[in-house]
Amino acid sequence: MTTPGSQVRERPHPADGGTPDPPVPGRRRPSILDLGERFGLVVILVLEIAFFVVLEPETFGTLANARIVTTSISVLAVLAMGLMLPLLGGRFDVSTGAILCVSSVATASAMSRYGLPLGVAIIIGLVLGCAIGALNGLVIAYLGVNSIIATIGTGTVLVGLVQAYTEGLPVQNGLSPWLVELGNQNLLGVPTLFLIAVVVCFASWYLITQTPWGRFLTATGSNLNAARLNGIPARRIVFQSFVVSGLLAGIGGIMQIAAQGSGDPSIGGIPFILPALAAVFLGATTLRPGRYNVGGTLLALIFIATTISGLILVGLKPWVTDVFNGGAVVVAIAISAQVRRRRTGSMDVGG
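Model, not experiment: these values are computed from the prediction.

Right, let's talk about the overall build of the protein for a bit. Regarding its fold elements, the protein presents 14 helices and two strands. Counting the 351 residues in the protein, one finds 45% classified as buried. Contacts in the protein between residues at least 24 apart in sequence constitute 75% of all its contacts with a sequence separation of at least 6. Only carbon and sulfur atoms are counted for the fraction: they give 66% of the accessible area of the protein, which is about 17700 Å².

What follows is the structure, given as structure tokens:
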């Protein structure tokens, strides 16, 4: 027995002259284009590695070079996670490099100039990162200042203050030997700094994809008005994303001491963050196209570092690094915007 409005009409079988059932949403088989978007960068990376191994087998195709490449992206991977969180919420944070610089110099100075133990110095660096992130979040989420303008201003002020404090000289005396030596250590043949970066990336992935906070952040970035209508505290979520971004930049600053052996006031500018920024946008075109994602970002960083390493080893001058990083940002943002428009109809990449 049926009631009006609940009658079920059977669709004739195709063999009887009917039409096939429509595909079930969510079960569509991936097309060649979808597979190309998801795994194209993986294929390009494999081909690139094979090309450079054939070209320079004695330098590029060695375990030592693989360790150099993975070590070189360790700090940038953590920095990229800090860049990604505000972007997921629809905002930019271009001050992460400057926050990293402040954390690095502050942690080094706490040990070098004030004789504080490593644990206390690390806490100082992390707290400073969170505090600067909170200031960014307050100005952007609650005062409504454009995120690009606000974080450019913050970053410029921070770089100036660090230069004034250090007089442009690196802080390198009196540092913890354990921290300095960490940059040269391997665990089971893998650089320790890279393993730390992988742990931070995994924690970021879990926060973004497996917690309500991460889903709220993504929803806020996707459609701010819809998020508010659904009861999501959008301002608070955006504010918190900048705090966590500052924390990650602080972690990167401490790792930079291990990688470089000093607190360097010359790092942290826009050129420093370009590879991480390019990786975030390039990563949004692979594995999960149209979405900023941790796996794609890490893959993109490996691709960028591998490309630069190969180009230098075949004889190109070091200036190729700046040229490639700058070009990679432009190309990555353009491709990311096109993929996002094709999949969501939106060209917005944050503001």
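Next up on the list: the side chain of T192. One can find T192 in helix 8 (residues 192-209). Accessibility expressed as a relative area gives 16% for T192, which makes it buried. Setting aside anything within four residues of it in sequence, one finds T192 in contact with L182, Q185, N186 and L187.

Let us look at the nonpolar core. By size, the foremost hydrophobic cluster in this structure holds 77 residues, and its most contacted members are M84 and Y292. Broken down by element, the residue count for this core peaks at 12 residues, all from helix 3 (residues 74-88). In this structure, I140, A141, V238 and F242 belong to the second largest nonpolar core, which totals five residues.

A few words on helix 8. Across its 18 residues, helix 8 extends 26 Å between first and last C-alpha, which sits within 8% of the 26 Å expected from 1.5 Å per residue. Every buried residue of helix 8 is accounted for by T192, L193, F194, A197, V200, C201, S204 and I208.

Direction vectors running N to C along helix 12 (residues 270-283) and helix 13 (residues 294-313) enclose 125°, while the axes themselves pass 7 Å from each other. As the angle between them shows, helix 12 and helix 13 are arranged oblique. Here the hand of the crossing between helix 12 and helix 13 comes out right-handed. Taken together, the residues of helix 13 that come into contact with helix 12 (itself represented by P275, A276, A278, A279, V280, L282 and G283) are G296, T297, A300, L301, F303 and I304. Across the contact of helix 12 with helix 13, the residue classes break down as 10 nonpolar, three polar and no charged.

Counted at 1.5 Å a residue, the expected span for helix 5 (residues 118-142) with its 25 residues is 36 Å, and the 35 Å between its end C-alpha atoms agrees. Within the sequence span of helix 5, burial applies to L118, A121, G125, G129, I132, G133, N136, G137, I140 and A141. Looking at the buried residues of helix 5, the elements they touch are helix 4 (96-112), helix 6 (147-166), helix 7 (177-182) and helix 11 (234-260). Looking one or two residues beyond helix 5, the residue adopting positive phi is G144, at roughly 75°.

Residues Y114, L116, V120, I124, L128 and Y165 make up a contiguous nonpolar surface patch of roughly 490 Å² in combined accessible area. Residue contributions to the nonpolar patch peak at three residues, all from helix 5. By secondary structure assignment, the location of I124 is in helix 5. Of the residues examined, I124 reaches a relative accessible area of 30% and is grouped as partly exposed.

Next up on the list: the environment of V199. Along the chain, V199 falls in helix 8. On the basis of relative accessibility, which here comes to 56%, the residue V199 falls in the exposed class. Taking the C-alpha atoms as reference points, V199 and V78, separated by 121 residues in sequence, lie 9.5 Å from one another.

Any region with low pLDDT has predicted coordinates that should not be read closely. Averaged over every residue, the pLDDT of the protein is 86; residues scoring 70 or more account for 87%. Low pLDDT, under 50, characterises residues 1-24; the stretch is placed with 10 contacts to residues that sit more than four places away or in other chains.

What follows covers the packing of aromatic side chains. Throughout the structure, instances matching the rule amount to six aromatic pairs. The cationic tip of R113 hangs over the ring face of Y165; the distance from NZ or CZ to the ring centre is 4.5 Å.

Glancing now at the side chain of T211. Mapped onto the secondary structure, T211 falls in the loop between helix 8 and helix 9 (212-222). For T211, a relative accessible area of 15% puts it in the buried group. Side-chain polar atoms of T211 contact the backbone oxygen of L207, separated by 2.5 Å.

So, on to unusual backbone geometry. Positive phi, normally seen in glycine, also occurs at E167, with a value near 55°. Along the polypeptide, E167 turns up in the loop between helix 6 and helix 7. Positive phi outside glycine occurs at L188, with the angle close to 55°. Accessibility expressed as a relative area gives 84% for L188, which makes it exposed.

Thresholds, definitions, all that
- Residues numbered from 1 in each chain as written.
- Predicted model: local features only at pLDDT ≥ 70, side-chain atom pairs only at ≥ 80, totals over all residues.
- Heavy atoms only, no water.
- Helix = DSSP H or I, 4+ residues; strand = E, 2+ residues; numbered from the N terminus.
- Buried < 20%, exposed > 50% of the residue type's maximum accessible area, 1.4 Å probe, protein only.
- Contact = heavy atoms within 4.5 Å.
- Areas by Shrake-Rupley, 256 points an atom, 1.4 Å probe, with all protein chains shown as cover.
- Core = buried A, V, L, I, M, F, W, Y, C linked by side-chain atoms within 4.5 Å.
- Expected span 1.5 Å × (residues − 1).
- Axes fitted to C-alpha atoms, helices over the stretch in contact; angles between N-to-C directions.
- Parallel < 35°, antiparallel > 145°, perpendicular 65-115°, else oblique.
- Left-handed = near helix turned anticlockwise from the far one by under 90°.
- Nonpolar A, V, L, I, M, F, W, Y, C, P; charged D, E, K, R; others polar.
- Patch = residues over 30% accessible without salt bridge, like charges linked within 9 Å, V, L, I, M, F, W, Y side chains within 5 Å.
- Salt bridge = Lys/Arg side-chain N within 4 Å of Asp/Glu carboxyl O.
- pLDDT = per-residue confidence, 0-100.
- Phe/Tyr/Trp six-rings, centres within 6.5 Å; stacked < 30°, edge-to-face > 60°.
- Lys NZ or Arg CZ within 6 Å of the ring centre and 35° of its normal.
- Polar contact = N/O pair within 3.5 Å; in protein donor to acceptor, adjacent residues only side chain to side chain.

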